[in-house]
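Working through the structure, step by step
Below, each chain spelled out in residue letters.
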Amino acid sequence: MGPRHRAAPRRPSHRELRPPRSRGSDKPAGPYSIDDFIGDALALMDDLGIAVFDVAGFSLGGLIAQGLALKAPDRIRRLVLVGTVANRTEEERARVEQRYQELATEGPVAIAQRSVDRWFTPEYIAEHPEVREQTLQRMAELDPAAYTAAYRVLATTDFADRVHEIQAPTLAIAGEGDVGSPPHMSEYIVNAVADGRLVVIPGVKHNMLSVTTDRIAKEITAHVDD
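Throughout what follows, the structure given in this document is the object of discussion.

Here is what the cut-offs are and how they apply
- Residues numbered from 1 in each chain as written.
- Predicted model: local features only at pLDDT ≥ 70, side-chain atom pairs only at ≥ 80, totals over all residues.
- Heavy atoms only, no water.
- Salt bridge = Lys/Arg side-chain N within 4 Å of Asp/Glu carboxyl O.
- Helix = DSSP H or I, 4+ residues; strand = E, 2+ residues; numbered from the N terminus.
- Buried < 20%, exposed > 50% of the residue type's maximum accessible area, 1.4 Å probe, protein only.
- Core = buried A, V, L, I, M, F, W, Y, C linked by side-chain atoms within 4.5 Å.
- Contact = heavy atoms within 4.5 Å.
- Pairing = 2+ DSSP bridges.
- Right-handed = clockwise from strand over helix to strand, strands pointing away.
- Phe/Tyr/Trp six-rings, centres within 6.5 Å; stacked < 30°, edge-to-face > 60°.
- Polar contact = N/O pair within 3.5 Å; in protein donor to acceptor, adjacent residues only side chain to side chain.

Overview of the pattern of salt bridges
Per the counting criterion, the structure on display carries 10 salt bridges. Between D54 and R77 there is a salt bridge whose closest N-O contact spans 2.9 Å. Of this pair, D54 sits in strand 1 (residues 53-58) while R77 sits in strand 2 (residues 76-82), and the two are 23 residues apart along the sequence. Overall, R77 belongs to the partly exposed group, its relative accessible area being 37%. Its salt-bridge partner being D117, residue R132 comes within 3.0 Å of it at the nearest N-O pair.

What to know about the nonpolar core
The biggest cluster of nonpolar side chains holds 41 residues, and the ones touching the most others in it are I34, L60, L68 and L79. Where this core is concerned, the elements lending two or more residues are helix 1 (34-48), strand 1, helix 2 (60-71), strand 2, helix 3 (90-106), helix 7 (144-156) and helix 8 (183-192). Among all residues touching I34, those that are not within four sequence positions of it are L60, L63, I64, V153, T157 and F159. With 13 residues, the next largest nonpolar core counts V80, I173, V199 and V224 among its residues.

Some words on the pairing of strand 2
Taken across its seven residues, strand 2 has six buried, putting it largely inside the fold. Pairing of strand 1 with strand 2 involves five bridges; the strand directions are parallel. Among the inter-strand pairings, A56 is bridged to a residue of strand 2, identified as V80. With helix 2 bridging strand 1 and the parallel strand 2, this β-α-β connection has right-handed handedness. Of the strand pairs in this sheet, strand 2 and strand 3 (residues 170-175) are connected by four bridges, and their pairing is parallel. Each bridged residue has a counterpart across the sheet, and for V80 the counterpart in strand 3 is L171.

A few points about the packing of aromatic side chains
Describing an aromatic ring pair means giving the distance of the ring centres and the angle of the ring planes. For the structure shown, the criterion picks out three aromatic pairs. Here the aromatic rings of F120 and Y124 are separated by 5.4 Å at their centres, their planes lie at 10°, and the arrangement is stacked. With respect to burial, F120 and Y124 carry one shared label: buried. On the numbers, 6.4 Å between centres and 35° between planes, the contact of Y147 with Y151 is tilted.

A look at the environment of H184
If you trace the backbone, H184 turns up in helix 8. With relative accessibility at 32%, the residue H184 sits in the partly exposed group. Here the alpha-carbon distance between H184 and N87, two residues 97 residues apart in the chain, equals 8.7 Å. If we ignore the near neighbours within four places in the chain, the residues touching H184 are N87, T89 and E92. Here E92 takes part through its side chain, which lies 2.8 Å from a polar atom of the side chain of H184.

Things to note about the environment of Y32
Mapping Y32 onto the fold places it in the segment before helix 1. Under the relative-accessibility criterion, Y32 is labelled buried at 13%. Separated by 121 residues in sequence, Y32 and V153 place their C-alpha atoms 6.8 Å apart. Apart from the residues lying within four places of it in its own chain, the contact partners of Y32 are F37, A146, A149, A150, R152 and V153.

Written out as structure tokens, the structure is:
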């Protein structure tokens, strides 16, 4: 769950699922809630006849994955959270609220102009200058209203007071330089859940899936195959 980066190697025991867009609606009208996303994921698994499954989520997808593990603990075998949120400080809550207000006012592309430097390190941008334009192009293709409604869920959701209820073995992966989902959030999660393991990847910020794809794929594979 999250941006379309291929962080999982294809193997005979895995299959790729391509759900219908928004389960029948191209861009359903907001506002959205975290329960909308959780319910949609469970409904998809029901439609596919999959009772028990591993779940991995990145960023907002990590919040959805936490919610799945809390709402349907008997259905989640193993949990992977990448660059996800928990236990924001007051300062962090204020910053994400400010970004949400800026997004609602200025739109995704204007925000992305500033966000590229939050998502990638200066070294990575210097080595891959095309990443800035590619990111802006992807953001320009988004539906502004739908993206803003989804970002509101990211900005206002925090399961800090409930993560201790998660029973599924949990792998939390954080980027060392991630300012929106810093390592202390993943550390909080693994210390709270029944069975948690933390991996902090050095030298990366939030968009680690496209920067360290192989490393993350190996960590996920090891976790779900354990």
